[in-house]
Each structure stands twice: as C-alpha cells, then as structure tokens.
Amino acid sequence: MENLADKMASVVLPALESSPIPSWAGDSLVQRSHFNPAWLKLTGRTLAESIGEGWIACVHPDDLLPLRAARTNESEGHAAEYRLRDASGNYRWMRDMATPVTIGDHHGLLGYCIDIEGQKQAEHARRELAERLVTAQEAERARIARELHDDISQSLMILTFQMERAGKPVSNEPGKRHPDAPALADDLREVVRRISKMAHELHSSSLEYLGLSRAIQGACREFSKQWKIPVDCELVDLPQKLDNMTSLCLLRITQEALHNIAKHSRATNVTVQLSSTEDQLKLVIRDNGIGFDVEQAKLAGGIGLLSMRERTNLVHGTLALVSVPGQGATVECSVPFNHDH
C-alpha cells in the first residue's frame, strides 16, 4: 500500500523542488520526510541528515521546547518562529509556515521558511532604544525632582524665614537690620526665573505661540547668556507654516546639540543655520570646539545622539554627525516638508 511519503513524492514534491524558498513536507511540524534544494543549501546538510527529526540539529537549543510543543490546526496550519543554524554556522531567525495537505486518505503538512533575521534585529533595536529612552526620562525626572527639592524648595524656605524677620533688628548687631521687602522681592524673582527656565525646558511655549524661528532664536540666546558662548543664528527662507512634529523635532535637536556643546566641546563660537529648499528644511549646527571621534560616539550610544536620531526618524528625515578631534563638530539634519505620520 502506498504510504504518505510516496504520495507526497509523486504529487507534491515536483512543485516543492523547484521553489526558491526553503520548503519541506512531512507528517508533522517535527517529523519531516522531504526538503527541497533551497532548504538543503540554507542549512548545508544532506537530505539523509535532515529527514525525520535530523533537521532539528540545526535549531537553536533554546527554541527546541517551544517548537516541539507547537500544535498544528488542521484547518488553519501553523506558524512558528525559531533560530536556524545556516551553512556558515550562524543562527538566523526564521518564520516557519505549515499548511495541512490531504492526498486521498493521507494527511500531512507542506511548509516553507522565511528569513526574518533583519526584522528581529530591528525589533531588538527598537526595544533597546525604548528602554534607554525610558531610562533617560526617569533620570531627567529624578534630576528635576532633586533640583526642585535641593534648589527651589531650599530657596523658598530661606525666603519664608527672611520674610518672617524682614525689617527686624539683627540680634547682637545694633543698627543692622534683616533684608527688607525690596531685597526679598529680588530674591523671589530669581526663584521664579529658575522655575520658568525649568518649565521652558520641559515645554516650549515660544514654539507654540511664536513659531519655530522665534523658538530657535530664543534657545540660542538662552544658551549664549548661560554659557557665555556667542552664537551666530541664521534663519533663511523658512516656510510660513510647519506641522508641529517637524517644528518640535528641529527645536529639540537644536537644544540637544547646544547642550552637548556646552557639556563637552569647550567651544568659543557656535553657528546655528536653518534654511529651506523646495522640499525640505536643513538645520546645521557647528562649533569650533575640541571635536571627537564619531565612531566611538556611535559605539558609546549616548542618549542625546539616540534621541536626535529617533526624533529625525519620526519625521522621515536624515541626521549626520561630522567631527574630527581638534576640529570642532557639525550636526546636519534634513527634514522633508510633507510626510505621512
């Protein structure tokens, strides 16, 4: 009596053999009786080594139990993902699709594999980036909490104490009095200024109400005032209207680049240029600082660089970082006017 393998060989396998996609046929997800040339080329194994459960030797040990435990729905088939060792000895993620086939009164499976290594790597990169951004956000929240507690709260407590004693004579110092109301008002205004600066860093109202040009000019002025570094801010031929995502992206990249310059560059001069062509905006930020090794910076994977790249990707733009030790650094960002979110 003709068995399933014979039935498959005479009816199904001719089509299987000519397929460029690694394919197989068998009784179950694990027990397989036929593999096409594309599969054998992928794994570097012979048909004799692969039939039955022989092919399992190519599956990553950590993926064996889930694969063996998988069950096939007779009407819908099955899709399994596992790492398969290729002919060069490297493991690659594969998606295995199995479809039930019936030949006479015999039932079996016909399957094929799709290489999803690139997709898995992209998923891993996205997860890693998301974890690092969450970590960065938590660190920023912790910094703001410390600043509120150690700086703002302490300043307000001192002001409260001074206000209670305002105008009273200082003990054991005849003729000397505590600060009066005008001096306390100056101290209070300074606390308000620091709170306003923190709020501005978290949410730029100038972007919302005045537009991108004014917001970038404001960021440059604030940077120059705080760090005593002159900034040449050039804004040329900007469109009247920009969507919020693009504007926010360019503003945050400007702020992040200026922050990095203040923190690392030892620059004495900075140039910020924002211009437009027919279909894109171009932001260029240059400094004359000590520069750095770009490849090492990429390997270090700082949150600032990751954040700038992620923001650029969200608006379908490109980001380039150019620097040579001792010769300053340049950040270039190009963003299209129109894009789908």
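Note that the structure is a prediction, hence the values are computed from the model and not measured. (Residues numbered from 1 in each chain as written. Predicted model: local features only at pLDDT ≥ 70, side-chain atom pairs only at ≥ 80, totals over all residues. Heavy atoms only, no water.)

**Student:** Would you mind showing me how to read the packing of helix α9 (residues 212-227) against helix α10 (residues 244-265) here?
**Tutor:** Viewed as axis vectors pointing N to C, α9 and α10 meet at an angle of 10 degrees, and their least axial separation amounts to 10 Å. Regarding the angle of α9 to α10, the classification is roughly parallel. Here the hand of the crossing between α9 and α10 comes out right-handed. Across from Leu212, Ala215, Ile216, Ala219, Cys220, Phe223 and Trp227 in α9, the residues of α10 making contact are Ser247, Leu250, Leu251, Thr254, Gln255, Leu258, Ile261 and Ala262. A per-class count over the contact of α9 with α10 returns twelve nonpolar, three polar and no charged. (Axes fitted to C-alpha atoms, helices over the stretch in contact; angles between N-to-C directions. Helix = DSSP H or I, 4+ residues; strand = E, 2+ residues; numbered from the N terminus. Parallel < 35°, antiparallel > 145°, perpendicular 65-115°, else oblique. Left-handed = near helix turned anticlockwise from the far one by under 90°. Contact = heavy atoms within 4.5 Å. Nonpolar A, V, L, I, M, F, W, Y, C, P; charged D, E, K, R; others polar.)

**Student:** Teacher, can you tell me more about the state of the cysteines here?
**Tutor:** Each disulfide consists of a covalent bond between the sulfur atoms of two cysteine residues. In this structure the tally under the stated criterion is zero disulfides. Cysteine Cys220 is unpaired, with the sulfur of Cys233 as its nearest cysteine sulfur at 3.8 Å. (Disulfide = S-S within 2.5 Å.)

**Student:** Would you mind showing me how to read the sheet that holds strand β5 (residues 106-115) here?
**Tutor:** By way of backbone hydrogen bonds, the strands of a sheet pair with one another, either parallel or antiparallel. With respect to topology, five strands assemble into an open sheet ordered β2-β1-β5-β4-β3, the strand pairing being antiparallel. Edge positions in the open sheet fall to β2 (32-35) and β3 (78-85), since each of these has one partner strand only. Across the sheet, the axes of successive neighbouring strands diverge by a mean angle of 30 degrees, strand direction being ignored. Strand direction decides the pairing type here: β3 and strand β4 (residues 91-103), joined by eight bridges, are antiparallel. Residue pairing across strands places Ala79 opposite Met97, the latter belonging to β4. (Pairing = 2+ DSSP bridges.)

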